[in-house]
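Summary of structural features
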Amino acid sequence: MKRFANPSRFAHVAQRVSLGLAVLVLVSCGSANQQPVVDQANTIEMQRAAEQAAATRAAEERARIARVEAERERQELAAREEAARVAQQQAQEEAQRETLRLEAARVAAAEQARRAAVAREQTQLARIAELEAQIEQVRTSNAAIASANSKFEEAIAAAQALLDALNAEQQKYANTAADGELLVPLDKARIAELESHKDSLKREAQALNQQ
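Reading the values: rules and limits
- Residues numbered from 1 in each chain as written.
- Predicted model: local features only at pLDDT ≥ 70, side-chain atom pairs only at ≥ 80, totals over all residues.
- Heavy atoms only, no water.
- Helix = DSSP H or I, 4+ residues; strand = E, 2+ residues; numbered from the N terminus.
- Contact = heavy atoms within 4.5 Å.
- Core = buried A, V, L, I, M, F, W, Y, C linked by side-chain atoms within 4.5 Å.
- Buried < 20%, exposed > 50% of the residue type's maximum accessible area, 1.4 Å probe, protein only.
- pLDDT = per-residue confidence, 0-100.
- Expected span 1.5 Å × (residues − 1).
- Salt bridge = Lys/Arg side-chain N within 4 Å of Asp/Glu carboxyl O.

Moving on, we come to the side chain of Lys198. You can see Lys198 is positioned in helix H4 (residues 188-210). If sequence neighbours within four positions are ignored, Lys198 has contacts with Arg127, Leu131, Ala155, Ala158, Ala159 and Leu162.

Here we come to the nonpolar core. Among the nonpolar cores identified, the biggest contains 11 residues, and these are Ile128, Leu131, Ile135, Ala148, Phe152, Ala155, Ala158, Ala159, Leu163, Leu201 and Ala205. Only helix H2 (34-141), helix H3 (146-171) and H4 provide two or more residues apiece to this core. With 6 residues, the top contributor of residues to this core is H3. Setting aside residues no more than four positions away along its own chain, Ala205 makes contact with Ala148, Lys151 and Phe152. Within the second largest apolar cluster, 5 residues are counted, among which are Ala165, Leu166, Ile191 and Leu194.

With that settled, the discussion passes to the side chain of Gln124. Relative to the helices and strands, Gln124 resides in helix H2. Judged by relative accessible area, which is 12%, Gln124 ranks as buried. Residues contacting Gln124, with those up to four places away along its chain left out, are Leu162, Leu166 and Glu195.

Right, let's get into the confidence of the model for the chain. Looking at the chain as a whole, the pLDDT averages 77, with 78% of positions reaching at least 70. When pLDDT is averaged over each helix and strand of the chain, the minimum, 47, is found for helix H1 (residues 2-28) and the maximum, 85, for H2. Every residue in residues 1-11 scores below 50 in pLDDT, and together they form 8 contacts with partners more than four places removed in sequence or on other chains. Every residue in residues 20-25 is under pLDDT 50, and counting partners more than four places away or in other chains gives 1 contact.

For H3, spanning 26 residues, the distance from its first C-alpha to its last is 37 Å, which sits close to the expected 38 Å at 1.5 Å a residue. For H3, the full list of buried residues reads Ala148, Asn149, Phe152, Ala155, Ala158, Ala159, Leu162, Leu163, Ala165, Leu166, Glu169 and Gln170.

Once that is clear, we can look at the pattern of salt bridges. Tallying each qualifying case throughout the model produces 13 salt bridges. Of the charged contacts in the structure, one is a salt bridge between Arg101 and Glu94, with a shortest N-O distance of 3.3 Å. With a relative accessible area of 44%, Arg101 lands in the partly exposed category. For Glu94, a relative accessible area of 37% gives the class partly exposed. When the shortest N-O distance is used, the salt bridge between Arg114 and Glu111 registers 2.6 Å. Here Glu111 and Arg114 lie together in helix H2, a separation of 3 residues that amounts to about one turn. When its relative accessible area of 39% is taken as the criterion, Arg114 is described as partly exposed.

See the structure below:
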């Protein structure tokens, strides 16, 4: 506001000084023309004062408009910054939720694989226990059949080898990747071979026992 007031004040003073000099000049021309000159000078001074007041009001209005515009721009900038902050926060929260979902899925897959492995192991152990019980029953009931006993011994060894292999395969479930996949693949062919060999020995032993 002071930037507009000071130049106007100086201009007003200068106008008054100039007007005063003009009046003095007119007064010096003669007393007969003095009153019209004074009236004209007063009119000019009033017009200049009105023009100066209008200019001052216009300058003040421009300053007010500039302040309003600056405040509006500041508010718009603050609103844009707040919207960007909220969007960034929402994106971060969504990324965190997605990470948690992926981690939960990985843990669930690993747990499912572990339970499946335990179930398979228990099934194999049950089958081996059943085989050992049958072998023991044959041993106690028909000790005279040496060849059958030999085959049963081989079947036990095969069953033990199968059990050891199953235990080794079970250890592989302790090392899984982030997606639940095994780092070392299962040797299914070897397990199937051992199981087939064990079943073959079991059948031979049972056949000898029935003779």
